[in-house]
Every structure is written in structure tokens, then in C-alpha cells.
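Spelled out, the chains give:
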Amino acid sequence: MYELGDYGDYITAWCPGCGNHNILKAVKDALFKLQLPPHRALFVSGIGQAAKAPHYINANVFNGLHGRSLPVATGARISNPELTVIVESGDGCHYGEGGNHFLAAIRRNVDITIIVHDNQVYGLTKGQASPTSSEGFITKTQPQGTHNARFNPVQVAVAMKAGFVARGFSGRVEHLSGLIQQGIKHRGLALIDVLQPCVSFNKVNTYGWYNQRCYILSEGYDPTDRNQAMLVSEEWGDRIPLGVIYKNDRPAFEDHFPVMKLGPAAMRPARLDTLKEIMESFS
Amino acid sequence: MYELGDYGDYITAWCPGCGNHNILKAVKDALFKLQLPPHRALFVSGIGQAAKAPHYINANVFNGLHGRSLPVATGARISNPELTVIVESGDGCHYGEGGNHFLAAIRRNVDITIIVHDNQVYGLTKGQASPTSSEGFITKTQPQGTHNARFNPVQVAVAMKAGFVARGFSGRVEHLSGLIQQGIKHRGLALIDVLQPCVSFNKVNTYGWYNQRCYILSEGYDPTDRNQAMLVSEEWGDRIPLGVIYKNDRPAFEDHFPVMKLGPAAMRPARLDTLKEIMESFS
Amino acid sequence: MEKNSLNILIGGEAGQGLVTLSQILTRAIVRAGYHIIVTQSYQSRIRGGHNSYTLRLCPDEIMAPREGLDIVVALNKETVELHSPELKPHGIVVLDEALDIKNADHITVPFNSLTSDKFWNASAVGVVSGILGLDESVVVRTASDFFAKHAPDSTEENIKSLVAGRNWMKGRATGFQKLKQPEPGNGRLMINGNEAIALGALSAGMKAMCFYPMTPATSIAITICEHAEKMGVIAEQAEDEISAINMAIGASFCGSPSLVPTSGGGFSLMAEGLSLAGMTETPVVIALAQRPGPSTGLPTRTEQGDLEFALHAGHGEFPRAVFAPGSVDECFRLTRKAFEIADKFRIPTIIMTDQFLADCYCASDPFTMDELDPINACDPEVSPDEPFLTYRITATGVSPRLFPGLSHECVVAHSAHELVIADSDEHTEKGHLTEDLSVRVRMVDKRNRKNDGLKRHIVDPTFCGNSDPDLLLVCWGSTRGAVHEACDELREMGLRAAYVHLSQVWPIDEDSVAGILRAAKEIVSVESNSTAQFARLLRRETGYRIERNVLRYDGLPMTPEFIIEKIGLGSRNV
Amino acid sequence: MEKNSLNILIGGEAGQGLVTLSQILTRAIVRAGYHIIVTQSYQSRIRGGHNSYTLRLCPDEIMAPREGLDIVVALNKETVELHSPELKPHGIVVLDEALDIKNADHITVPFNSLTSDKFWNASAVGVVSGILGLDESVVVRTASDFFAKHAPDSTEENIKSLVAGRNWMKGRATGFQKLKQPEPGNGRLMINGNEAIALGALSAGMKAMCFYPMTPATSIAITICEHAEKMGVIAEQAEDEISAINMAIGASFCGSPSLVPTSGGGFSLMAEGLSLAGMTETPVVIALAQRPGPSTGLPTRTEQGDLEFALHAGHGEFPRAVFAPGSVDECFRLTRKAFEIADKFRIPTIIMTDQFLADCYCASDPFTMDELDPINACDPEVSPDEPFLTYRITATGVSPRLFPGLSHECVVAHSAHELVIADSDEHTEKGHLTEDLSVRVRMVDKRNRKNDGLKRHIVDPTFCGNSDPDLLLVCWGSTRGAVHEACDELREMGLRAAYVHLSQVWPIDEDSVAGILRAAKEIVSVESNSTAQFARLLRRETGYRIERNVLRYDGLPMTPEFIIEKIGLGSRNV
Ligand SMILES: Cc1ncc(C[n+]2csc(CCOP(=O)(O)OP(=O)(O)O)c2C)c(N)n1
Ligand SMILES: Cc1ncc(C[n+]2csc(CCOP(=O)(O)OP(=O)(O)O)c2C)c(N)n1
Ligand code: SF4
Ligand code: SF4
Ligand SMILES: [Mg+2]
Ligand SMILES: [Mg+2]
């Protein structure tokens, strides 16, 4: 039996009032509710404010490069299918620098849970537009407002038939914890895009802004209905839906590799006898 | 008045029977029908079999890096909005190595036309699975069949509200030429995914396979209806739709920059007087 | 002996208004005619943490930051604790009386009675400017200018608070020795290295700037973005660094001189693009602002750890030029040079700076910014009747240039209907891909021939001191100021010392550098890295093995004190 | 003097079945006991173009390809035209009579009367094996094995066609001088450099291979993919090279020794990942198969142009080891070594090969493949009672290792509940990011200390020839064979010649290399690049300036003839 406190209690480097604090709370709550042993969890992150999160959780951590958390997480799963691998990083990491890995991870359906701290801005580098920034969002590097269309990660993930697609809000900790728990339990890739106010650099998408708009999908909503999920994932404006928006049960990446059933790679000796036979086929 | 022959007539390095030959024909036909002066066109490509195409066309050419044609094309437009910029490369280039630029170009809505030679395989490197390969596609590097879900570029582009999204087939040259002409005329990004049999490495998606399945969208089909476009772009199996699947009239990237109205960057002197004022603001 | 200068440190948490206070104070000091060197120390976070801004000022020219503090302006307790030990005798601490630090030597200001919380900063400007004896009208004007731009609604209250601080300070005795008044500054700029790079690029006719944010390079991008629209320049934030460099190459190919600012991690991602620029012979300028690595390292600190990487980044062989400015002024001038050389030789060039220089403000005379020579003048040997060949083989290795769709002034005789073909594969003169291996050899030779021309345009090393010194310090890039001042002091101590600084680190002129090294009895390389990369480079290029190094790699800027201490004069006879 | 060997070139268009013909013939030759060296020349296209496969065979050991041809097997007219000029006196051309080339010296085979179009190849195997006098039963068995695997349905017809060719040739006189019969080969492998790397990796306990296809590295991936499932290894094609290296790092962090095969362009994209491996101290092995650059260059040709890049790729400073096998056998052995060193020191290591060696088949004695030492043995100085620290500061710079979620045998005393924290930022011993600058310094020193250990594990250079030579050839990587044979010949010509080959190019042991260089009167560096990168490296590391170079950069493999010609013996007294 693990206590909530076993998942760590650290001083963070985040601004007071930042939405990240609540996401951290939700993550720890989810780990606690799932009673996940800390040493069985691996958190992988990139670089950014969000990406510091794993340092504030008692678990294994690989805090790698900006935008590259998904390949690292995939490699980790290849090596040890017994680890619960959770990726935590920002919108810039996942949808900007790491966009190509986002597409690839969805296609692979690796059994990992991705928690995107989506503050619609590059926080750590002091407030440039991110892929999820609304069109017209003004920053020091976009003084005329960003002219790129807002990236809708949820809708792209649904279009690509990701295994599990959800949206949470850092203002709703308990709901978010529930999403994370479901995501972790889902076999295959789980994407949880979390709306996260950045009190320092995003003066548009504030707590008030989100509170006014966010609503939780009704009990009756069927996330396995993809056409409906496409419509719901389109919603962004006066109303923003929270919850599990889409899911399916595609086979996970891991299911394609018989050897993964045999446990961690580090425990398996090299098959030198087989290799000798292979070598003989060269003669 | 340009003749068809003015657009070039070169010996190619492609296999006999390759679908690329017809795409080349369609491209030249489109240029001819549009009477585009060769020196006003710039073809940008990456690396692969498809990416050799610009060498077989009379036009300006930048044959750059595998997967990186879109940033180069974007830079070209920044410099000279009077050029018609056409990108030609393979499925590997655009949806594999260059996936992140694909997402970004759609979001920017740069006024370029992208012609993807989609043979569902890496041709030049001798037949590995590409992002558009069907699940289970067997190759020397995927001896158990690829386990990645097929990337559906058309659907992702529709989900992202790309300005113009079409699918052509190298077996239908005239239809394809029509799509390319429309794509070039469209203000903003035009994506034309072209089904292209690779006779050397793709023994699944052959001419016969495509001929059996491809149909041209009816006259009455309304490509501005996005919900319908989402459904149509989902079709892939017994029937594969060809034609303009989706379009809209989002402002193009270029519309956000007043300076681009002033013509090619190379013709504009540096504004040193303005700069002196700026410098004075530092004192 | 150290010049008569003062060191003021302003410290507090991120988000406490440190920037406003520092900016106004620094600008007023510059307007008053002082020279300054500013070092900024901050953490990779937005709020909290310990940040500081250290301003060295002097009536005469100075080149480097110094250790030891004369005034500490403490916005929080941590600042007092961390920095009091660095105080010189007679140094003073200015702090709010509420900070509850009992010490008779401190100037505890009752800020809350002078103004409200929000304007604390402005009051502090008043207090410190009073201590320094800055002309009040200069300070008030500077603050008014600042607030008019950044907080127009509260200008009045801010100025009132400033004056309140100033008045409070009036007549209060401090044991503090004021500096002599400087000559008037005559419109000097208060500008840092990155801003100077931005202005340099704009003055060189840059038309496209493509970037992905990365500390400490971002402020180059910010400066350009701020002015892009009115300068008629396109500044585009790319989706990643790979895109940034490829976009810049595309832009340059079509006629926009292009800049790509980045730091180490981003530069790593650009290695393939660099090689592309080399092969397609497309000019592009990269501003590489270094920070301590490897990998993410210390994002907000300084280091010179990427030298060897910058010299060899990118697969295959192609010519390049690498500049390493030693001052804010050189940031401006060498950025222009980087554009000039890139265009003249159709190659990629790199400007290497680092967090210290990037963020280092100084008082600079206004820059001269005449138009550069027209780019890539036509090769007189090539008759305009000949067809245009992107990669025409010439004696210099440089081919005349044309932009797609345009008849360029230099090759005006060529019809605008000529086509421009560029290829990343090995190619013919026309630009089409080829597998003809004899063409390959000619193209390699052509590209390599540019090195001869490049060598004729090398920026001369700066040599300063005794011409056959007992001790020669060698350095490159941002450490020049510290080495200069250290060298001055060593000479004052009686040592026959000199230094040589390279602000172009590639190519290097073997003969002239070897000549300088040969004349020295002992050589010490001074570098902000842990493996003496520059010393290694010099050995490769000249054969001289530099046995001793002063290496700093704790993330802090090089200082004269650090150098002198590491040289360890104690152990030798001077 | 050249050994008594034969050169057979088989040429035609891509897609004409050249591979089948060459593979069967080569394997039969190896089974007959000959030594071989194969060079492949192909273009960056799938059908058409001119491709050739050159097989040098000899009863004794040989190490390099040679110029001049004894037999040309021409599948098309172009082959005859291109390669007839290379024929030696008595050389012969084998071609189909339909090819319509009138020349009395040619052996024009009526293939269409012997077999149908489809089995032309097999017939040619019969003809050529007859010319060579290979034992017919060996040839038939080899062909049967081949077809059973690749075209089981047509084995019979193929064999019939082979025998028909063989019979046709029987009794036909050729002026051709057969080779002496070799000793029996005893199960020698016919294997190329890339296959040897693949086997080397598998034998070293590699558990994950992440790649993105790129010529000439792809065949490493193909070989591993073919056997992955039965070897219990995960081979994953990544979406790009950035993903490949990061995936490998993630895999290695969790306990899979990992390999990343790539070529120059892909390697460029991995520079940031390399630096990440350096900072996080995660072992990873990169196989860098070079081709001529810069940029896309000549994708199917050979070059050694990435040396300096490989040595310095990645921002910031971190230890690495770089190996450069000089033979197929070394490809196997040094790949194992690369894994061993990567794991022992927790660093990235690089194996540099090139298209020539990648595709070069030779007859190799079976490899020895005992298990490697258990990875990263526990540091006896660290008591198991102390908490696990990913970056524990030790005397060697190497910290004991643990995998997330696992209790590793080496640190078994540590509970499996220990957490493993890794960070790309500068970090504490525990692995958490830090901005403590004194910790920074200790961590830099820790990482740099690994260099001392690395230096104690350097692969000795191969020295061969007179010990105080008048002429010393220096080389690295794949050119070793050509240099070896050139050197033999130079000595036979009476020159006091020797060569030194480095199969580990980083780190380098200054003293031992300098010792070798010092003993030589004149030094010539032999490299497949245009700027003599290795010579530069040696100057940097030893101070010796190598004035003369034999540089080849036309994309073709180095040969003894090329070296001897460039050395220009004409102009000296031997
Ligand atoms: C290759 C590379 N490019 C750029 C950076 C600089 N960088 C650090 S964090 C960041 C953006 C972070 O944005 P996001 O992922 O949204 O995280 P947030 O700080 O908003 O939580 C950038 C651009 C980097 N570390 N590495
Ligand atoms: C950075 C980099 N990685 C890999 C390669 C090798 N490469 C060349 S073409 C190609 C795949 C081409 O596939 P696609 O884009 O679909 O074009 P196709 O040949 O099928 O037309 C690859 C992987 C490369 N040139 N550069
Ligand atoms: S800058 Fe924004 S995202 Fe970063 S910690 Fe502060 S509030 Fe949070
Ligand atoms: S390999 Fe395939 S794509 Fe390439 S030219 Fe041949 S048929 Fe076309
Ligand atoms: Mg963010
Ligand atoms: Mg393809």
C-alpha cells in the first residue's frame, strides 16, 4: 500500500498560480489511486516548464531533449514492457519540435500515456507562440499576432485513430486524475491534452477563460463513435469539451513482438546459439 | 505562347512502367495548360525517386534534403512571391522524414502546390515500408509486415483544414493534370496526393489494384463541405475517391506580410534610414 | 592596476521587477557618459530562483566584468546572503527595511513609506542614482522615456516614486567614494551583444530571419521581430530548427540574405542543413549563441564549448567561415562581415557568441551602417553570352549568381528567362544531378578552391602587449575583454605580457598566428570550456602545443581576476 | 609484386539479375577455398544505369581491390564499352552472342540456345565457373542452396541452365591462365562489412536496433531485421533519424544495448542525440557508413569524408570513442568493442565504415563470438548500502548502473525499488536538474575523467613494414587493405616502406603514434577524402605535420595502384 506522499513532495520551479501545479497533483493522485509502485513507473519528458514535472514525482525519470520524449519512451517500452511509461511535456515539445514523433507514436500505438501540458505558449523560453496558440496571439516574436492556424491535437489524433484521446483541464484535478488513470490502464497509446493556464505568458487563455468554456462530456457520450468524436473534437470556442473523446482497441505496438512477452531485455541473454546458426548460413 | 516541349523532355532514371512517368506527364501538361513561363516556376524537392522529378522539367529547381522540401519552398516564397512554387517528393519525404513540416505548412497555408508521389513505399532505398504502406506490408526491413497504422494524409489534411486537398492517380493523367492546375491556381497551400504504382517494390498496390478501386468524385460533390470531406477522406479499401476532396479560402501565409506585396526581396534595398532610427532608440 | 570603476549588483527573484530597475539605471548611467559592462545571471525558470544583474561602470573605457561588489541592491534576503561576502571594503547594501537584516553598514530604505509595493523599483532607482551622484534630470528623463514605452499609464506614479527615493537619499552620509564624472557620452547606445547582431544583420541587408526559440539566442530573434515589419523583413518562427535552416536556405536561394539564430541544441539539428548550404553553395548566416552543454546543460549560463563542433558540423567537406566577436561592437561588425563573406563565396558562415556576450550591455558609439558591397559581383571572366550555370567552374571556385525568376543586376546580361538549378546531390555545372565521377572531382576542387579566397579575407587577429612577451595569452570570442584587462594588470605587475585574440576562428592564417606564437616564451590559452578546444585547434593549424590553459566551465563569464588567479603568479618570479 | 590473383567484373543494368549471378559465383569461389575482395559499383536508381560487381580472387590472402580486369562478364553493351579498356593482356570478355560486338577475343555465348531469357544468369555462372575451372559439384551445390532460398520454384530450371552453360564452355580453349588451386577453405564465410557489423552487434548482446533507411547503411539494418525475431531483438524503423537515436537511447537506458546504423545525412540529424547520450551517460553505438558528401552527394559511392565531423559532432563536451575497421573481420570485432566500450564507460561510440567496406565481400574465417563481459560491473568502491545515484561521482568518472524497474546483477544489493533518474540538463549525482555551479564543475570533471580510462583501452595501431622506414604511409578505416598491398609492392621495389593503420581514431594515444611518426623519414597520409582530415587530426594530436597526402575523392575505393601512382615513384630514387 502506497501513500500519496510516496509519490513525492518537491518544491517546484514553476510560477505561483501556474496550471502545472494542479496537473502534478492530478498525476500523483492517479498514481496513488492506481497504487502504481514508483519504481515501476518511468516518466519521460522533453524540455520546457512542463517537462520539469517528472523531477517532482517519485518515479524513474528520463528528462531528455526538447521535442523528443516520444522516441525515448518508445525505446524504453522496447526494453522493458513491465514499466508503465508516462510522457509529460508541453505543447511546444509535442506539437512543435516533436510533431513528427507525435504522428509516428499514434501510428505505432505504443503503450504509453502522454500527458501534454497545453498552455498554448512556449513558457520556458518566455512566451513565444506555440502550435496550439490561437490565431492572432500576440507575443514578442509575433508582434503582429501569430498567423498559423491553431493546431488541434485532439482532432488530429482522432482523425488518425489514436487508441485513446482525452482532454483535461488543470482546473479540474479530480476529473483529470480520472483521465490519467484511464489512460494508464488503456492498452496502447493514450493522449491526454491538458488545458493549462500559463499565468506569466498567456493572458488570453486564463483560468477564467477556460472556466467559462469547459464542460465535461455527458455520461451518455460514446467515445467509440468516431464520427461523433470528430465533431466533438472540432468544438473549440464558446464550449470546450473535456473527457475521453475517442477510444478504440487497436492492437498495441507491443503486441507485434513475441519477444516482449518474455520480459525485460536486460534479463534475456544473447541467443548466441541461434546466432551461430545464422553465421553458418553465410558459408 | 509556350509549347508542351518547352517544359522539357529528359531521359529519366526511373524504372520502365513506374507511375512517376505519368505524374511527370501530368505536371508538364498542367504547366502547359496554364502557360506558366518556365522561369517563373520553381520546383522544390527532397530526396527519393519522386524527388528527381524536377530535374526532368524545364523550370527553376531546388533539389534539397530528404524530407525538407517544404521549409525550402516556404523560404522561397518569402523571398519572391512572384514565383509559382511547386513541391514534388515522395510519401517518405513528406509523411515520414518531413512529417513535422507537413503539419506546419498546412498551418501556415503557404501558397505552394505539393505533389506527393505516393507509392506507399521507400523506392530509392529499395523498398522499406513508408508511412502510407498498408498495415502488414512485408519488406526486407519489415519481414513480419509493418505494424504501423497507415497514414492517411488526405484525412489529416482535411482535419487540419488545409486550403486545398486532392487525390490523384498516376493512371489518370488528364484528371491529374486538372488537379494540378487547380492546385496551382488555388491561393494557399494545395496538397495533391498522387497514387503511384512502384513496379519494383510495391507488389500490393499495383496498377490493377488501383484501377479496380479508384473512382472520380461526382460533379455534384461539394469540396467545401468539411464534414462530408472527412467521411470521403476516410474511404480507402474497395473504393478510393479521386478529385478535390476539400477546399476552403483561408487567407494564405503571404497575406499576412505587407512587404510581400512589394515584390521580390532581392529588388528591395535595405531600409537603412529606418534602421538608423531604430538604432537611435537604443541611446 | 584595476581601473577606477564600480560594481553594482541588483539581485532578487525572477518576476520582482529586476529588469525595469536595471534597465533604467543602466540607461541613465550610459546617458551620463559612463562606460559599462553588464553581466546577467538568471536561472532557467520564470518566477523565483535567484537572478542578478551586475553593472560595472567607469568613466573610462572598460572591457570586462569584474569580481567584487561596491553596491548590492537587494530585492530579497537571499541576495543579501549570497552577495554580501563579495562586498569590497566600504561596499554597501541597499535594501528594504522590512527585509529584517540587522547590519549597521546597510542602507535600509523604508520603501513602503516612500511609495507603494508596485513602485518599489522606481524608488530604488532614485536611491541608487543618488548614491552614485547621477544628474537627477538625466535619471528622470531616462525613466520617463522608459515608462512612456513600457507602462504609459503609470508613468507619473513611477516618476514620483523615483523622486521620493532620490529625496530620501539626499544628504544621507555613506562612506562611499563616488566615481569621477565622465566625459559626456554623445548619444552612446546601451546595447547588448544580441541586439548588436540583430542590427548588424539588418544593416547587411538581411531579408529573412528564420528561428526556433532557444536561450540565449532568442533575443536576436526578438529584436528583429520587433522591427521586421517596418524594416520590410520577414521574420518567421519555424516549427523546429531543421525547418529554420532549410527555410533560410530557400529564402537565400531566391534572393534574401538570411539569418538563423540558435544555440547548441538547435545548431546540432542544423548540421544537415549546413552541409546542404555547402553543397548547393547557398549563402546562409547562423548566429550560434553558446551555453554550457552537452545537451540541455545549463540553459541560462555561458560557455565556449561548441568551437570544434561549429568548425566541423555537417557531413562531407565544404568551406565555411566562423567568426567569434570579442565585444558588442564586434558583434555588429562581424555579423555584417559574416553576411558579406557568405554572399561573396556562396557559403554558410557562423557567428559564435555566448550567453555572456549575448546579454552583456555596454555603452557603444553608434554603429556605422553604410550599405555593403552589392552581393556577388559578376565574374568578369564569364561572358554574358554563355548560358547561365549555377555551378560554373571558375578559377576562384565562386560562380556568378542569379536568382530564380529574376535578372540579377550582376548578371544583367543574362536573360531573366535563365533557369537556376540547385542540387544537394553531386551535380553538373548546370546543377543537375550526376554520377559522372570526373565531374565529381572537379566540383570538389571547385568548392575547395574557395578556401584560397577565404584566406585572403581573414579578420586579422588582435595582438596587444609586448611584442616578444614572456607570457602570451591566447583567446577567442567573448573572453577578449577579460583577457585584455588581465593582461594590462599583468604588465602593471611587471610581467612582459601580451595577448592575441582571434575574432575569426576559421579559416586561420597559419603563418601570422604561428609567427605570434613563436615570439612568445610561454603561452597560455584562456577559454570558457573544459578541454581547451582553441588550443587544440591552434596546435592543428600551427603545430604549437600550448601546455597551459586557463579554463572556466562553471557557467560564469571569464573575468580578469579568474585569469590572474589561475595563472598563479605566486609561483613565479616577476 | 602483385599476387597471383584474378579480377572478374560482372556488369549490366540494375534489374538484369546481376546480383544473383554475382552472389552464386562468389559463394562458389569462396567454397572452393579462394580468398576474395569484392567491390560493388552501382548508381542511385533501381533499374537501368550502369552497375558492376568486381570480384578479385586469389588462392592466398588478399586485402584490397585491384585495377585491371581478367574477365569481363557483360550483360549489356555498355559494360563491354566501358570496361574493355581495363582488360589486361589475355583478358577475356564473356557476352551473349546477340550483343553484336565483333571481336575475336570475346567469348560470345549463345545463351538463348542454352536456356531461356529468364535463366541467362545461371548459364553465365556455368560458363564463368568453367573458365575458372571451379569444381562443378561445388558450383552446383552452391547454386542449389541459393535457389532453394530465393527462388525455390525454379531451382531445377536454373540448375539445368547452369549445367548447360558449363557444358558449352567445356573443351573450349581460352588463352586464359587459370589460378592455382587453393587450400580448402573450411567453412569460410562469404560476408561483407555491413553483415559483419550486424553479426558483431548481435553477438555483443544488442537488443534494440533503431534505424531510418540510408544507403550505404541500410544493409546493416536489413541483416538484423531478417534475424530479429529469432534473435529476440527488436528492430524498429523510425520515422526519422532523430527518432532513431532517441529511441535507441531510451532502449539503452532501460537495459537494451542499442545500435543505430546510418550514413552522413542521418548522422547529422543525430548530433543532438549524440550529445544527449553524452550528458545522460547512456551507452549507444552508431554505425556510420560514409558516402561522398556534402549533403546528398553521391549516395552509392564511397568516401571517408566524415572523420572530423564524427569526432566533434554534438554540442558541448563529452567523451566518446570512434572506431574505423580496416577489414570485414574488424567490422565484426570492433563492433563488439564499440558495444563493450559504450557500456563500460556509459558513452556513445561510433563505428565508421564506408560504402566500399560496407558492400565489400570477403572470405572470412568464422567469427568467434563468446559472450562479452557482463556490462558495467559494479564499482567495488561503492557500498551497496549507499543509495543509488545515477551519476555517482567516482574516481574513474564511471558510475555503477541500474535499469529502471530492475535490480541489476551488478548492483544486486540495491533494492529493485531504487529509482533511476537521468537528465539532459546539468544534474546532481541523483540525476535531478541543478543550477548549482559547483556541481556543474564536478560533473564536467567526472565526465572528462572517462577519457583517462578510454585511453587505457585504445585499440593498438597496426604497424607493418620496416621499423625506421624511409616512407611511412598512414591510414585509417577501410583503406587499410589497399595501403597494405601498396606497401608490400613498394618494399618489393626496394623502398624501405611501412604503414601504420588506426582502427580506432578516437581517442588516440599521442605517445605511441608520435613514436611511429618520429621514426619515419617521410610520411604520406592515404585517405579517401579531399582535405586530409586524418593528417590534420594527427597534427593536432602529435604535432607532426604530414606534408604529403594521397587523396582520393572520386567516389571509388582506394586501390594499391592509385596509391603507388600518386606517390609518384618516378620522381625519386629507389
Ligand atoms: C532543440 C531545442 N530547441 C529549442 C529549445 C529551447 N526550448 C526550451 S523549452 C522550449 C519551449 C517549451 O514550450 P513547451 O513545450 O510548450 O513547454 P512549456 O515551457 O510551455 O511548458 C524551447 C523552444 C531547446 N531546449 N532545444
Ligand atoms: C536524412 C536522410 N535520411 C535518409 C535518406 C535516404 N533516403 C533517400 S530516399 C529515401 C526514401 C524515399 O522514399 P520516398 O520519399 O517515398 O520516395 P520514393 O523513392 O519512394 O519516390 C530515403 C530514406 C536520405 N537521403 N537522407
Ligand atoms: S511561465 Fe507559464 S507555464 Fe511556466 S511556470 Fe510560469 S505560469 Fe507556468
Ligand atoms: S523503384 Fe519504384 S518508384 Fe522508383 S522508379 Fe522504380 S518503380 Fe518507380
Ligand atoms: Mg507550452
Ligand atoms: Mg515513396
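These numbers come from a predicted model, not from an experiment.

Cut-offs applied
- Residues numbered from 1 in each chain as written.
- Chains lettered and ligands numbered in written order.
- Predicted model: local features only at pLDDT ≥ 70, side-chain atom pairs only at ≥ 80, totals over all residues.
- Heavy atoms only, no water.
- Near = heavy atom within 4 Å.
- Polar contact = N/O pair within 3.5 Å; in protein donor to acceptor, adjacent residues only side chain to side chain.
- Areas by Shrake-Rupley, 256 points an atom, 1.4 Å probe, with all protein chains shown as cover.
- Helix = DSSP H or I, 4+ residues; strand = E, 2+ residues; numbered from the N terminus.
- Phe/Tyr/Trp six-rings, centres within 6.5 Å; stacked < 30°, edge-to-face > 60°.
- Buried < 20%, exposed > 50% of the residue type's maximum accessible area, 1.4 Å probe, protein only.
- Lys NZ or Arg CZ within 6 Å of the ring centre and 35° of its normal.
- Contact = heavy atoms within 4.5 Å.
- Buried area = accessible area lost by both parts, 1.4 Å probe.
- Salt bridge = Lys/Arg side-chain N within 4 Å of Asp/Glu carboxyl O.
- Nonpolar A, V, L, I, M, F, W, Y, C, P; charged D, E, K, R; others polar.

**Side note on the site of ligand 2**
Moving on, step 1. Taken together, 22 residues are adjacent to ligand 2, and Q49(B), D91(B), G92(B), G123(B) and E241(D) come closest.
Moving on, step 2. This site is not confined to one chain, since residues near ligand 2 come from chains B, C and D.
Moving on, step 3. For ligand 2, an oxygen atom lies 2.9 Å from a polar atom in the backbone of A50(B).
Moving on, step 4. In the environment of ligand 2, an oxygen atom lies 3.0 Å from a nitrogen or oxygen atom belonging to the backbone of V121(B).
Moving on, step 5. Protein burial of ligand 2: of its 580 Å² of free accessible surface, 98% is covered by the chains.
Moving on, step 6. Among the secondary structure elements, those contributing two or more residues to the shell around ligand 2 are α3 (91-97) and β5 (121-122) of chain B.

**A closer look at the packing of aromatic side chains**
Moving on, step 1. For the structure on display, the rule yields 32 aromatic pairs over all chains.
Moving on, step 2. With a centroid separation of 6.1 Å and 50° between ring planes, the pair formed by Y2(A) and Y7(A) is classed as tilted.
Moving on, step 3. A relative accessible area of 0% means that Y7(A) is categorised as buried.
Moving on, step 4. Ring plane angle 75° and centroid distance 6.2 Å describe the contact between F102(A) and F151(A), whose orientation is recorded as edge-to-face. Residue F102(A) is located in helix α4 (residues 99-108), and its partner F151(A) is located in the loop between β6 (128-129) and α5 (153-159); the two are separated by 49 residues in the primary sequence. By the burial criterion, F102(A) is buried, and F151(A) matches it.
Moving on, step 5. In textbook terms, an aromatic cluster arises when at least three aromatic residues are bridged by ring pairs, as seen for F169(A), W209(A), Y210(A) and W236(A).
Moving on, step 6. Here K126(A) stacks its cationic end above the ring of Y42(C), 5.5 Å away from the centre of that ring.
Moving on, step 7. Sitting above the plane of the Y215(A) ring, R239(A) keeps its charged end 3.9 Å from the centroid.

**Focus: the interface of chain D and chain C**
Moving on, step 1. With 63 residues of chain D at the contact, the number on the chain C side is 63 residues.
Moving on, step 2. The contact between chain D and chain C buries some 5300 Å² in all, and 53% of this surface belongs to carbon and sulfur atoms.
Moving on, step 3. Contact with chain C buries surface across chain D, with P294(D), E317(D) and E435(D) losing the most and accounting together for 14% of the total.
Moving on, step 4. Applying the counting criterion to the chain D and chain C interface returns ten salt bridges.
Moving on, step 5. The partner of R540(C) in a salt bridge is E308(D), and the shortest N-O contact between them spans 3.2 Å.
Moving on, step 6. Linking chain D with chain C are 48 residue pairs in polar contact (both at pLDDT 80 or more).
Moving on, step 7. Counting only elements with at least two residues in the side of chain D that touches chain C, the list comes to α10 (264-269), α11 (271-280), α12 (307-312), α15 (437-455) and α18 (533-542) of chain D.
Moving on, step 8. In terms of residue count, α15(D) provides more of the side of chain D that touches chain C than any other element does, seven residues in total.
Moving on, step 9. Residues of the side of chain D that touches chain C, tallied by class, amount to 19 nonpolar, 25 polar and 19 charged.

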